[in-house]
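Residue-level structure breakdown
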Amino acid sequence: MSVFCKFHPIKHNFVVMFLVVMLVCALATEANPKRMIFGKQKKIIVLDPGHGGHDKGAQGPDETFEKNVTLTLARIIAEELGNTYKVILTRTDDYWLDIHARTAAANHLEADLFISIHAGGSFLHQASGMSLYYFKETSGSTLTLKTEPSKPLKSINTLTPWTNIQKRHQTTSQALAELIQNRINEQIIFIESEIQGAPLKVLEGADMPAILVEIGYITNPAEEKSMRDISVLSDIAKGIRSGIDDFFEKVQ
Ligand SMILES: [Zn+2]
């Protein structure tokens, strides 16, 4: 018997064969396309908390800043979505982010949805209610939306002008807004809500279904109070999650 090997020759061959089989199995699993598809199956949702840093957004009578409400709500929605989806926030803390960098991040990640979160402001303190926006150019408007993106995007390869990217998702974006509106209305029955098409800069460069949710008027004292209430924000988050679930079930 060799001093270098304590295995009986037959046992030795068995061990080598076993290792070869294991290696082949490992390589086959690695190359298995089903496994790769499965790995990509989690949909990517980009949440965009509006404003940040020096840009405080709208301000409530009780000194609540929109930039803080949007970040808090985005974090709660991220928690809600976390088990089912891959969620990325465009900003994770209190800093300013260029408006085009927000959609550019979503495009770069090849996200499945982009949702920008805001809390509206109005000089009319009685203004109230939730608005959900999808991108729509207003007819005859000379939009000042021609700013070029800071980075080249993959969609430019398909020769689609920057300002036209979101147009091709208009129908699905509108559908997303409607599904989310329905579900939020189930959660919070006292909030009035409406859906509007508008030429919003923060949506125009998104190459995926994209909406902006304005969760109410922070300038309205009652709604400002609601925006500081975590249970209200949680209900909004639940509505948004159910609306997103519906979207992937029914639309895409
Ligand atoms: Zn805002």
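Residues numbered from 1 in each chain as written. Predicted model: local features only at pLDDT ≥ 70, side-chain atom pairs only at ≥ 80, totals over all residues. Heavy atoms only, no water.

1. Some points on the coordination of the zinc ion
Coordination of the zinc ion by the protein comes from H51 (NE2), E66 (OE) and H118 (ND1), over a distance range of 2.1 Å. Within one chain, the residues serving as donors to the zinc ion are arranged as H-x14-E-x51-H. Of this pair, E66 sits in helix α3 (residues 66-81) while H118 sits in strand β3 (residues 113-120), and the two are 52 residues apart along the sequence. (Donors = N, O, S within 2.8 Å, 3.2 Å for Na, K, Ca; no water. Helix = DSSP H or I, 4+ residues; strand = E, 2+ residues; numbered from the N terminus.)

2. What to know about the sheet that holds strand β4 (residues 130-135)
Strand pairs in the sheet, formed through backbone hydrogen bonds, run parallel or antiparallel to each other. Taken in spatial order, the six strands make up an open sheet running β2-β1-β3-β6-β4-β5, and their pairing is mixed. The open sheet has two edge strands with one neighbour each: β2 (86-89) and β5 (193-198). Between one strand axis and the next, the sheet turns by 25 degrees as a mean value, whatever way the strands run. Pairing of β3 with strand β6 (residues 210-217) involves six bridges; the strand directions are parallel. Each bridged residue has a counterpart across the sheet, and for I117 the counterpart in β6 is V213. In this fold α3 packs onto β1 (44-49), β2, β3 and β6, with an angle of close to 140 degrees to the strand it touches most, β3. Each of β1, β3, β4 and β6 touches helix α8 (residues 230-250); the most contacted strand, β3, lies at about 150 degrees to it. (Pairing = 2+ DSSP bridges. Axes fitted to C-alpha atoms, helices over the stretch in contact; angles between N-to-C directions. Contact = heavy atoms within 4.5 Å.)

3. A short note on helix α5 (residues 170-187)
Here α5 contains 18 residues, and its C-alpha end-to-end distance of 26 Å stays within 8% of the 26 Å for a straight helix at 1.5 Å per residue. Restricting attention to buried positions, one finds in α5 the residues T172, S173, A175, L176, A177, L179, I180, Q181 and I184. Those residues of α5 that are buried lie in contact with β3, β4, β5, β6 and α8. (Expected span 1.5 Å × (residues − 1). Buried < 20%, exposed > 50% of the residue type's maximum accessible area, 1.4 Å probe, protein only.)

4. Side note on unusual backbone geometry
With a phi angle near 65 degrees, H51 is a residue other than glycine that sits in the positive phi range. Mapped onto the fold, H51 is located in the loop between β1 and α3. The class of H51 is buried, set by a relative accessible area of 17%. Its identity is not glycine, yet E110 carries a phi of approximately 50 degrees, on the positive side.

5. Focus on the confidence of the model for the chain
On average, residues of the chain carry a pLDDT of 81, and 74% of them reach 70 or more. Counting interchain partners and residues more than four positions distant, the pLDDT-below-50 stretch residues 23-38 has two contacts. Throughout residues 141-158 the model reports pLDDT below 50, and contacts reaching past four residues in sequence, or to other chains, amount to 29 contacts. (pLDDT = per-residue confidence, 0-100.)

6. Examining the pairing of β4
Side-chain positions along a regular strand alternate between the two faces of the sheet. The element β4 is largely enclosed, with a buried count of six among its six residues. Burial along β4 is two-sided: M130, L132 and Y134 and S131, Y133 and F135, pointing in opposite directions, are all buried. The pairing of β4 with β6 spans three bridges and is antiparallel. Looking across to β6, one finds that Y133 is bridged to L212.

7. Some details on the packing of aromatic side chains
Across all of its chains, the model carries two aromatic pairs by this definition. For the ring pair Y85 and F248, a centre distance of 5.7 Å and an interplane angle of 40 degrees mean the geometry is tilted. Placement of the pair is Y85 in the loop between α3 and β2 and F248 in helix α8, with a sequence separation of 163 residues. A relative accessible area of 14% means that F248 is categorised as buried. Where F247 meets F248, the ring centres are 5.4 Å apart and the plane angle is 75 degrees; that geometry is what we call edge-to-face. Across this residue pair, the class does not change: F247 and F248 are buried. One residue, K56, lies across the ring of F65, its end atom 5.7 Å from the ring centre. (Phe/Tyr/Trp six-rings, centres within 6.5 Å; stacked < 30°, edge-to-face > 60°. Lys NZ or Arg CZ within 6 Å of the ring centre and 35° of its normal.)

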